[in-house]
Amino acid sequence: MSTSQSKVLIDISNPYPFNRDGLKELEQNPWVSHQWPVVYFIQNGSRKIGYIGESANALARIKSHLANPEKSNNLNEISIIGSERFNKSATLDIESSLIQYVSAEGSFELQNGNYGLLNHQYYEKARYQDIFKEIWAQLIRHKIVDRSLEEIANSQVFKYSPYKSLNEDQYLSVLEIMKGLTSGHSNKIFVQGGAGTGKTILATYMVKLLKSNVKFDDDTDVDNDTFEEVRYIKAFQQKYPAATIGLVVAMKSLRKTLKNVFSKIPGLSSTMVIKPTETFNLGRKYDLLIVDEAHRLRQYRNISWMGAFMAANVKLGLGEEGTELDWILANSHNQIFFYDANQSVRPSDIDEERFTELIKKPGTINLELHSQMRVMGGKDYIRFVEEVLDQKRLKQEKYAVKEYELLVFDSLQDMKDLLAVRESKYKLCRMIAGFAWSWVSKEKDKKHLMDIEIEGLQFQWNNVDEDWIHSPTASNEIGCVHTTMGYDLNYSGVIFGREIRYNPVTESIEIDPKYYYDKNGKNGINNPEKLKRYILNIYKNMMHRGIRGTFVYACDPALREYLKQYIPAYQATPRLKVLTPSEARSNNRAVPLMDIYAAAGNFSEKQQHEHLEWIELTENLKDREKHFVCKVEGESMNLKIPNGSYCLFKYYEGGTREGQIVLAESTDIQDKDFGSGYTVKQYQSTKKITEEGWQHESITLKPESSNSGYKAIELDSDALLSLKVIGIFKKVLE
């Protein structure tokens, strides 16, 4: 089977038997016989296990796999992926991408280790990324995988998977860490780096790496970098047979997320992700404890579980001076700390001086991550945020980078609306705020009450405190730093609350403690500058969450004006320019606005389908006469189409509708559930084969909503006669 993309042949072979007899068939594969660089997928479809590899000498490499009983006894088919455009750099990159996406997609459990996954830079890499997308599309068409790349990329398992391509910065740190663990010269390693430098990814990578099974791996077809990693893994496993390794995460929400990820990764277990108190549970010292977000380790101050904390200290003969850091040091032979002092946000966090003392001890290995792995604005954006909030920005020009969308808003409604548009396109776009409002709805008998009111808009704080960003109601709530620290968002809408303001007289940012409602965040702090540092760290952290962009709103008008000195202000413009029929005739961007009340929740009442007005698009459109605009009301499609959006559709002229969002009409159905009229939903069909060919057996019009109360509309074969697809959804008009 093959396909063409931009005149590039991509060939995925039919499966060959993965055994000695199958080698003769493999020798006939043109890519294999010519020793062309290829990617291959070995699998057992019934057991849903697989292995992904690449080689320029596939036959020799596959023979070595057959000599590995873990592969030959468990896998039974192999497919070859080849292309005339492949070279060694390209196949390494595609292999790496396939491992990352297949492992997170969930259809197969991979036997791959994670060593050797490097982020290669090479000529025309962007073109090969397009080729990878076509390879993935073929895998979906042949039902090897089910989920789209976009859906996987937003998933927990993908974001925190140990199957990640490392950049040079991270890879060099891995080698230094492995050298330290195997040399015996140091048992304390600190890896420092700001938000978005990949600390959590490196932490999960190290756990998987050290647990890799390299017993049967053939070193003859690996590059020098991979060979060095494998050598260190063998040395570590020889030094610590059946090593006990724990990943310590102090933050409850992130810990639950990582437990979920580890439960889905072969060779790892959710029990490996532990909280600091659980370091006592092994009954002996861990061989290695890896501590993520070490800056959030706590001391005996401003916590709600003082008794349990003191009980842990007593086990070590410590009093109030004991900390979670002491527990980790006492309960392990080796430690790796991932640390960033600028992400300490509460007085319960261990003082920076305590970490500095440990970092400066002779023998401690100190490493630093510099590359920005999260925000598309790169290190310059991170530095910009630091300078603006610390009032150290010397340049007066506004931030403007094509790759990153940063805006400050005068209207919270405008920010909310634009964030909803970004949510419909990218997902994982959330509003987050400083703790400047009481959490009233947290009480059981007050769940119905609103916590926050700004400009007449009312919201609740996050209804869950674990994995809030993925919760179904998150897009209608406001989160705080504790629900987002350690997580990635595509866009963050940051609300600077009432506790932070700008004094134009003193030209300084000030804090008003009476509007700061985190009691454990301010009790016992007598130094205003120290409280200010914690709160500024909170806002810096929130402004570092957005991968693609950050939207900002400040409750204090003076602070808003200060931010506008450096951040471009959002300019509210009408979404649609309405044209008269005479204006439309001479306008090559004019499309009709249809008089259809497309209720995205139920079929609306039966109506006439007629042109009401014309609107002007902001860009030229090919075949514009085949397009129209209508307004979509309701919340049943709010994950794709915000309520009240004006949407561009293309008239349906035939072809597949499967999986697409459609504007559908029903003129005959009279049902108590949905009446007669129009609706916008995702189209799914079930087909059957008859003597006359295939025909629809049933149609499902599926909602895509954050509200689980919306149900799919099921139409059987009798009802299909009155169903007409009018248009295919193209985009929301901003």
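Thresholds applied
Residues numbered from 1 in each chain as written. Predicted model: local features only at pLDDT ≥ 70, side-chain atom pairs only at ≥ 80, totals over all residues. Heavy atoms only, no water. Core = buried A, V, L, I, M, F, W, Y, C linked by side-chain atoms within 4.5 Å. Buried < 20%, exposed > 50% of the residue type's maximum accessible area, 1.4 Å probe, protein only. Helix = DSSP H or I, 4+ residues; strand = E, 2+ residues; numbered from the N terminus. Contact = heavy atoms within 4.5 Å. Pairing = 2+ DSSP bridges. Axes fitted to C-alpha atoms, helices over the stretch in contact; angles between N-to-C directions. Parallel < 35°, antiparallel > 145°, perpendicular 65-115°, else oblique. Left-handed = near helix turned anticlockwise from the far one by under 90°. Nonpolar A, V, L, I, M, F, W, Y, C, P; charged D, E, K, R; others polar. Phe/Tyr/Trp six-rings, centres within 6.5 Å; stacked < 30°, edge-to-face > 60°.

Draft legend 1. Region of the structure containing the nonpolar core. Ranked by size, the top nonpolar core spans 142 residues in total, and within it L98, W136, I290, I495, F496 and L563 carry the most contacts. In terms of residue count, helix α20 (residues 528-543) provides more of this core than any other element does, eight residues in total. Excluding anything up to four places from it in sequence, F496 contacts L389, Y539, M543, V552, Y553, A554, C555, L559 and L563.

Draft legend 2. Summary view of helix α3 (residues 58-66). Within α3, seven of the nine residues are buried, leaving the element largely enclosed by the surrounding structure. Turning to α3, its buried residues are A58, L59, R61, I62, S64, H65 and L66. Packed against the buried residues of α3 are α1 (22-26), α2 (30-33), β4 (38-44), β5 (49-55), α4 (69-72) and β6 (77-83).

Draft legend 3. Spotlight on the sheet that holds strand β15 (residues 429-433). The parallel open sheet is built from five strands, whose spatial order is β14-β22-β19-β15-β18. Of all the strands in the sheet, the pair left with one neighbour each is β14 (405-409) and β18 (478-479). Taken together, the five bridges between β15 and strand β19 (residues 489-496) define a ladder with parallel strand orientation. Considered in β19, the bridge of C429 is made with Y491. Packing of α20 onto the sheet brings it into contact with β14, β15, β19 and β22 (546-554), and relative to β19 it is tilted by some 150°.

Draft legend 4. Here's a closer look at the packing of helix α16 (residues 378-389) against α20. For the pair α16 and α20, interaxial distance at closest approach is 10 Å and the crossing angle is 150°. Accordingly, the angle class assigned to the pair α16 and α20 is roughly antiparallel. Crossing of α16 over α20 shows right-handed handedness. Touching Y381, V385, E386 and L389 of α16 are L536, Y539, K540 and M543, all from α20. Along the lines of polarity and charge, the residues of the contact of α16 with α20 split into six nonpolar, no polar and two charged.

Draft legend 5. Representation of the packing of aromatic side chains within the structure. Inspection of every chain in the model, using the stated rule, returns 31 aromatic pairs. Ring centres 6.3 Å apart and planes at 80° place the aromatic pair F190 and F355 in the edge-to-face group. Note that F190 is positioned in strand β8 (residues 188-192) and F355 in helix α15 (residues 352-359), a separation of 165 residues in sequence. Each member of the pair, F190 together with F355, is buried. Measuring from ring centre to ring centre gives 4.3 Å for F496 and Y539, while their planes differ by 10°; the resulting arrangement is stacked. Within this pair, whereas F496 is found in strand β19, its partner Y539 is found in helix α20, the two being separated by 43 residues in sequence.

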